Amino acid sequence: MIKKELCKILQHKEIAKDIYELTVAGELVDEINEPGQFVHIRVTDSWDPVLRRPISISSYDKKRKQLTMIYRKDGQGTSLLSQMAPGMELDILGPLGNGFPVSEVSIAETALLVGGGIGVPPLYELSNQLTAKGVKVIHVLGFQTESAVFYENEFSKNGETFVATVDGSYGAKGFVTDIMKDLSFDCIYTCGPTPMLKAIEQGYSNKRLFLSLEERMGCGVGACFACVCKSGEDPNGTSYKKVCSDGPVFRAGEVML
Amino acid sequence: MIKKELCKILQHKEIAKDIYELTVAGELVDEINEPGQFVHIRVTDSWDPVLRRPISISSYDKKRKQLTMIYRKDGQGTSLLSQMAPGMELDILGPLGNGFPVSEVSIAETALLVGGGIGVPPLYELSNQLTAKGVKVIHVLGFQTESAVFYENEFSKNGETFVATVDGSYGAKGFVTDIMKDLSFDCIYTCGPTPMLKAIEQGYSNKRLFLSLEERMGCGVGACFACVCKSGEDPNGTSYKKVCSDGPVFRAGEVML
Amino acid sequence: MSRLNIDLPGLKLKNPIMPASGCFGFGREYSQFYDLSTLGAIMIKATTTEPRFGNPTPRVAETRAGMLNAIGLQNPGLKKVMSEELSWLSQYDVPIIANVAGSLEEDYVEVAKEISKASNVHALELNISCPNVKTGGIAFGTIPEVARDLTRKVKEVSEVPVYVKLSPNVTNIVEMAKAVEAGGADGLTMINTLVGMRLDLKTGKPILANRTGGLSGPAVKPVAIRMIYEVSQAVELPIIGMGGVQSAEDVIEFFYAGASAVAVGTANFVDPFVCPTIIEELPLLLEKLGFEHISECTGRSWK
Amino acid sequence: MSRLNIDLPGLKLKNPIMPASGCFGFGREYSQFYDLSTLGAIMIKATTTEPRFGNPTPRVAETRAGMLNAIGLQNPGLKKVMSEELSWLSQYDVPIIANVAGSLEEDYVEVAKEISKASNVHALELNISCPNVKTGGIAFGTIPEVARDLTRKVKEVSEVPVYVKLSPNVTNIVEMAKAVEAGGADGLTMINTLVGMRLDLKTGKPILANRTGGLSGPAVKPVAIRMIYEVSQAVELPIIGMGGVQSAEDVIEFFYAGASAVAVGTANFVDPFVCPTIIEELPLLLEKLGFEHISECTGRSWK
Ligand SMILES: Cc1cc2nc3c(=O)[nH]c(=O)nc-3n(C[C@H](O)[C@H](O)[C@H](O)COP(=O)(O)OP(=O)(O)OC[C@H]3O[C@@H](n4cnc5c(N)ncnc54)[C@H](O)[C@@H]3O)c2cc1C
Ligand SMILES: Cc1cc2nc3c(=O)[nH]c(=O)nc-3n(C[C@H](O)[C@H](O)[C@H](O)COP(=O)(O)OP(=O)(O)OC[C@H]3O[C@@H](n4cnc5c(N)ncnc54)[C@H](O)[C@@H]3O)c2cc1C
Ligand SMILES: Cc1cc2nc3c(=O)[nH]c(=O)nc-3n(C[C@H](O)[C@H](O)[C@H](O)COP(=O)(O)O)c2cc1C
Ligand SMILES: Cc1cc2nc3c(=O)[nH]c(=O)nc-3n(C[C@H](O)[C@H](O)[C@H](O)COP(=O)(O)O)c2cc1C
Ligand code: FES
Ligand code: FES
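Residues numbered from 1 in each chain as written. Chains lettered and ligands numbered in written order. Predicted model: local features only at pLDDT ≥ 70, side-chain atom pairs only at ≥ 80, totals over all residues. Heavy atoms only, no water.

The name an unreviewed UniProt entry gives chain C is Dihydroorotate dehydrogenase, with Neobacillus kokaensis as the organism. Regarding chain C, the relevant UniProt record gives this comment under Sequence similarities (unreviewed entry): "Belongs to the dihydroorotate dehydrogenase family. Type 1 subfamily." (UniProt positions renumbered as here; feature names shortened; annotations may be inferred.)

By the naming in an unreviewed UniProt entry, chain A goes by Dihydroorotate dehydrogenase B (NAD(+)), electron transfer subunit and is assigned to Neobacillus kokaensis. Looking at the Pathway (unreviewed entry) heading of the UniProt record, one finds this comment for chain A: "Pyrimidine metabolism; UMP biosynthesis via de novo pathway; orotate from (S)-dihydroorotate (NAD(+) route): step 1/1."

Spelled out as structure tokens, the structure:
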């Protein structure tokens, strides 16, 4: 069930340039059922800005009722968010949407987790859960530049972790797809900018592939039709999927990217 | 000269129900030249609300470069203001307008200071300056109810102080004008709701009388013509005074109330 | 004794609060949060004869104290709305106001005729003001004679009272209101969104794929209040007001302006509980302001 | 090399930033804060033939991300504006755009004829869009033929180029723009304020003594951008854009939409230094966005 709750901020810190890690406590953690779900955050009590901000859950702890998010301070909303201090309360709506299906890969198999920039966070809980289950995980993380890199150590604890930066200032120079070419795996889970998702969908049509999408949102719960994609089977028709409530994670081909 | 400055909040506390005392430090204190001037405060970085809020200077200390304001938490703007903590910076435009002329009363004379509700604060600095000069001061302070009373002790240190509450829960029951009837004095300085100012102007046309007005403001500096009153001499004509830059303090008769 | 019940043509409302069309889907999503029977009514998403996918994305953009949308009347079409959505909604004790849209007069007439037969549809809301479709929509909502004739044709076939939703994107809103009154409208709903646009700083291009979109939210409230104030004095029709409503205080302001009920749009996205919260707070606010019943507030600004 | 200089009919601007009419008086107050010669131009307060007191107070009310004003064209009248204000302003190296208002055609013509003779008045801004006066103002700004004819008459007597200030309170802004182009306008300024209203929760009455007022500030920016986008594609005239500008980023957005210069209104009240701050920040922002000159931004959204 989706809850709207004032969650207490437990921890809030900058972990890379303009990248913040935010941990809150709340009952709504009980309702999370998959890695890759997200929450919708109200960043102000006033009406500027009006809309909530969708942020993925990067990890959670059901026992402690805590969840962690990682976000990039970018525009007005995330700048306001970055100013909130531990102890303050944050108006959170969630958990929302459907996440990555952990059950789609079995113990003997290898899962490849591919994240681009601010698409990296939701893969962290997924990596933890796959690892806990006994699946072998390999991570490929792409960033713009060295100062934007985060969580390399955390991922490394679960499995092999490759980092690429667009400008080559850290790890391999280039895109995640350059690194993927040389790896072998059974199943891909990915989240990142649309061009990256498209390249992966085109290059790996033969693999089990799950993609997490971003779209500008209104309600976040399926009511406003802001975040609609065309269905994969019916590209010229009227059938559709909503990123917020049917996604954000879809099986390759399910929606038109 | 009017300055726009980020002033550090030194102290901020609730001194009566919904009445806050706020002390800030800033270079603009140098520019204050009379009790009864005001500042124009931006209460948020966002655009909701858009406009600044005019608040009187209730006292100041040139040596320490500090100024104190007293305001009632009322609507959106003052509610936002009330949430600001010491250490934070406040965007203040000021000092603005012309205050109470201290020179209008001489040492041998008695000045009556009459304040209603949130019109009380600017009289405090005036009381201090008149007292320092050797003028005898009497204060009549009107409030809605007991819980709204503030600064009685502070004023009492300078001179006799009468308090009236509308509901009679503290001091005399009734209006400031009821108390004024029995007092003798040479000059009146007053600030409060317009009906109170009107009653005083009508009842004491024979006295030297200075009134501080309130009007909804835009710019606060004389440019937008939001806060205009008709001139007293020309009630049907086009001549006018601006509360923000010609006032807020006027001599009785100077403007139409 | 309720302070909130309001009777309008076709609508016996237990309270005058309802979600605005397009901001509440067909109710399914918000039924996760609270019992829909709490609501005064529900204005369902615009329905057209055939299913529509609507506009490409991005379909929303944010502005100061407001948002732009260009959904483009996406909906599953008349048949599915009737068979799947309205029948699902019939489990709740809440009157439905069906928002009717189209590209041609015939489309409106067809949808109105059929959808007004649904047992829980107690009124129609004629959407002649959608700014986000190429044909139809706002085109009908800016020319008085066209609006009047369409209203008349729809009235001829509808089995329930017809409310016409006015566009604020006109020089003279009173003239539009009078025209649809002359066409036989039973009530008005206003305002739909103001046409607006936002450009991306980096690309220079519009953020919305549709380029322009409809502005809603607190930013437009002063325009809504002004138009309801003007129209309520000029016509005899009851008005369901909307445009930036976020709180019980806003609801009272719309009543003062001349509304007899109020719809809440954008605010649902910010707080899914906004409608039941307002319904709960209204009696207390009325008490504080000294009103026995909310109907006393209607038109107080000019009465 | 400047990235900011812009040439428009009658106006050689060192930069395209100017305070909007009515939001800067005649400059005296803001000259306390900075050297007015920094500005690209100054649009002075509306001037009428005779002195006007304007409307009773309250004259302003606040709304979400916006404000309403109903000043009512208070000004000291043509003679005093010329003898006291314009002559005082002539100490600064800054072109003045004189905002011309009136109740009758003759009033506009008289003011235009005289004020255009002042040596520092380099252009007129014909205010046919003030929503806060009973006669004149907006009445001229909503009927295309009336606006065209007035423009023509003013052009006949003006010694400097004439810009016409368009009202956003119309169904079809392009039609209005084309009409004043046909009347011989040299440029457009847009938008004036949207008509809005706010009611007091306690009394139920309008907060503004004039009841309705003009909505300005960030809330209206999306409407301004949309209208400039539409008009700039339909006419050949240069546009001075305004409506909610607060920052250098906003200025660029107005240029993208189709403006060639930008005026700042309400933001002056919030930050008296907003104009010089924007002027200072613009070159850096242009650099960041990869433009050599601000003129490259004009109309990028549709070019
Ligand atoms: C399902 C989902 C999960 C996300 N998870 C994360 C995450 O874990 N960490 C993170 O940093 N970011 C995440 N994002 C992107 C994040 O929502 C945007 O970066 C953020 O909303 C930008 O807000 P802003 O106020 O800083 O920017 P502004 O530019 O001021 O935002 C203006 C408007 O555009 C919307 N917007 C801007 N960029 C995006 C975008 N990329 N996607 C969707 N809407 C956008 C905003 O929500 C807002 O409505 C996620 C987005 C979605 C849809
Ligand atoms: C010269 C001057 C000095 C003042 N000094 C003080 C003071 O020392 N202490 C104090 O508590 N108050 C003072 N006020 C009144 C104070 O400015 C208002 O109470 C305050 O602006 C209300 O803001 P809000 O956001 O809480 O209320 P809201 O109702 O949200 O305000 C909405 C709008 O109305 C304006 N407004 C509301 N009430 C008033 C009012 N009474 N006068 C002018 N504008 C108003 C606001 O500025 C704002 O633009 C003074 C006003 C003036 C003009
Ligand atoms: C996302 C969205 C979709 C909308 N869809 C419709 C619609 O299908 N039919 C309609 O008549 N109005 C539609 N509207 C307009 C609203 O019903 C309402 O008139 C407007 O948003 C003003 O109210 P608000 O400010 O409370 O949102 C839509 C508004 C939004 C924000
Ligand atoms: C207080 C005030 C007074 C105004 N007076 C005038 C005026 O005299 N003449 C005019 O053409 N526009 C007038 N305007 C409109 C502005 O010039 C401008 O078009 C409008 O406010 C939009 O810009 P903004 O959002 O930056 O304020 C006035 C606006 C305000 C807020
Ligand atoms: S964001 Fe509203 S339907 Fe997805
Ligand atoms: S507030 Fe602008 S002139 Fe006084």
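**Here we look at the packing of helix α2 (residues 105-115) of chain C against helix α4 (residues 144-157) of chain C**
Residue and element names in this part refer to chain C. Two elements in contact, α2 and α4, have axes whose closest approach is 8 Å; the angle formed by their N-to-C orientations is 30°. What the angle tells us is that α2 and α4 run roughly parallel. The element α2 and its partner α4 pack so that their crossing is right-handed. Of α4, the residues touching α2 (which contributes E105, Y108, V109, A112 and K113) are D149, L150, K153, V154 and V157. Residues that form the contact of α2 with α4 fall into these classes: 6 nonpolar, no polar and 4 charged. (Axes fitted to C-alpha atoms, helices over the stretch in contact; angles between N-to-C directions. Helix = DSSP H or I, 4+ residues; strand = E, 2+ residues; numbered from the N terminus. Parallel < 35°, antiparallel > 145°, perpendicular 65-115°, else oblique. Left-handed = near helix turned anticlockwise from the far one by under 90°. Contact = heavy atoms within 4.5 Å. Nonpolar A, V, L, I, M, F, W, Y, C, P; charged D, E, K, R; others polar.)

**Considering the sheet that holds strand β8 (residues 121-127) of chain D**
All names here are of chain D. What the 8 strands build is an open sheet, ordered β3-β14-β13-β10-β9-β8-β7-β4; its pairing is parallel. Two strands close off the open sheet at either side, each with one partner strand: β3 (17-19) and β4 (42-43). Pairing of strand β7 (residues 96-100) with β8 involves 5 bridges; the strand directions are parallel. Along β8, the bridge assignment pairs I96 with V121. (Pairing = 2+ DSSP bridges.)

**Some remarks on the pattern of salt bridges**
This structure, assessed with the given rule, holds 47 salt bridges over all chains. The residue R208(B) makes a salt bridge to E109(B) at a minimum N-O spacing of 2.5 Å. Separated by 99 residues along the polypeptide, R208(B) in strand β13 (residues 208-212) and E109(B) in the loop between β7 (89-96) and β8 (110-116) bring together distant segments of the chain. Residue class for R208(B) comes out partly exposed when judged on its relative accessible area of 27%. For E230(D), the salt bridge is made with R226(D), and the minimal N-O distance between the two is 3.3 Å. With a gap of 4 residues between them, E230(D) and R226(D) both fall in helix α6 (residues 221-234), about one helical turn apart. What makes E230(D) partly exposed here is its relative accessible area of 26%. Among the charged side chains, a salt-bridge network with shared partners connects E27(A), D30(A) and K65(A). (Salt bridge = Lys/Arg side-chain N within 4 Å of Asp/Glu carboxyl O. Buried < 20%, exposed > 50% of the residue type's maximum accessible area, 1.4 Å probe, protein only.)

**Description of the site of ligand 3**
Residue and element names in this part refer to chain C. Residues in close proximity to ligand 3 total 23 residues, the closest being S21, K165, G217, G244 and T266. Within the side chain of N99, an N or O atom sits 2.8 Å from an oxygen atom of ligand 3. Measuring from an oxygen atom of ligand 3, one finds a backbone N or O atom of I191 at 3.0 Å. Contact with the protein chains removes 97% of the 600 Å² of surface that ligand 3 exposes when unbound. Counted by class, the shell around ligand 3 contains 8 nonpolar, 13 polar and 2 charged residues. (Near = heavy atom within 4 Å. Polar contact = N/O pair within 3.5 Å; in protein donor to acceptor, adjacent residues only side chain to side chain. Areas by Shrake-Rupley, 256 points an atom, 1.4 Å probe, with all protein chains shown as cover.)

**Describing the nonpolar core**
Core analysis: the biggest nonpolar cluster contains 305 residues, and L124(C), I240(C), L36(D), L124(D) and I240(D) have the highest contact counts within it. Every residue in contact with L124(C), bar those within four places of it in the chain, is listed here: I97(C), A98(C), V100(C), A112(C), I115(C), S116(C), V154(C), S158(C), V160(C), P161(C), V162(C) and Y163(C). L123(B), Y124(B), L130(B) and V249(B) belong to the second-largest nonpolar core, a separate cluster that totals 28 residues. (Core = buried A, V, L, I, M, F, W, Y, C linked by side-chain atoms within 4.5 Å.)

**Some thoughts on the site of ligand 1**
All names here are of chain A. Every one of the 19 residues lining ligand 1 counts as a neighbour, but P54, G77, T78, I118 and R216 are closest to it. Within the contact set of ligand 1, an oxygen atom lies 2.6 Å away from a backbone nitrogen or oxygen of P54. A distance of 3.2 Å is found between an oxygen atom of ligand 1 and a backbone nitrogen or oxygen belonging to Q76. Starting from 830 Å² of accessible surface for ligand 1 in isolation, the protein chains cover 87%. Those elements that provide at least two residues to the shell around ligand 1 are β4 (53-56), β6 (66-72) and α1 (76-82). With 4 residues, β4 is the largest single contributor of residues to the shell around ligand 1. Taken together, the residues of the shell around ligand 1 sort by class into 7 nonpolar, 5 polar and 7 charged. Both of domain 1 (3-96) and domain 3 (215-257) provide at least three residues apiece to the shell around ligand 1. (Domains from an automatic or database assignment.)

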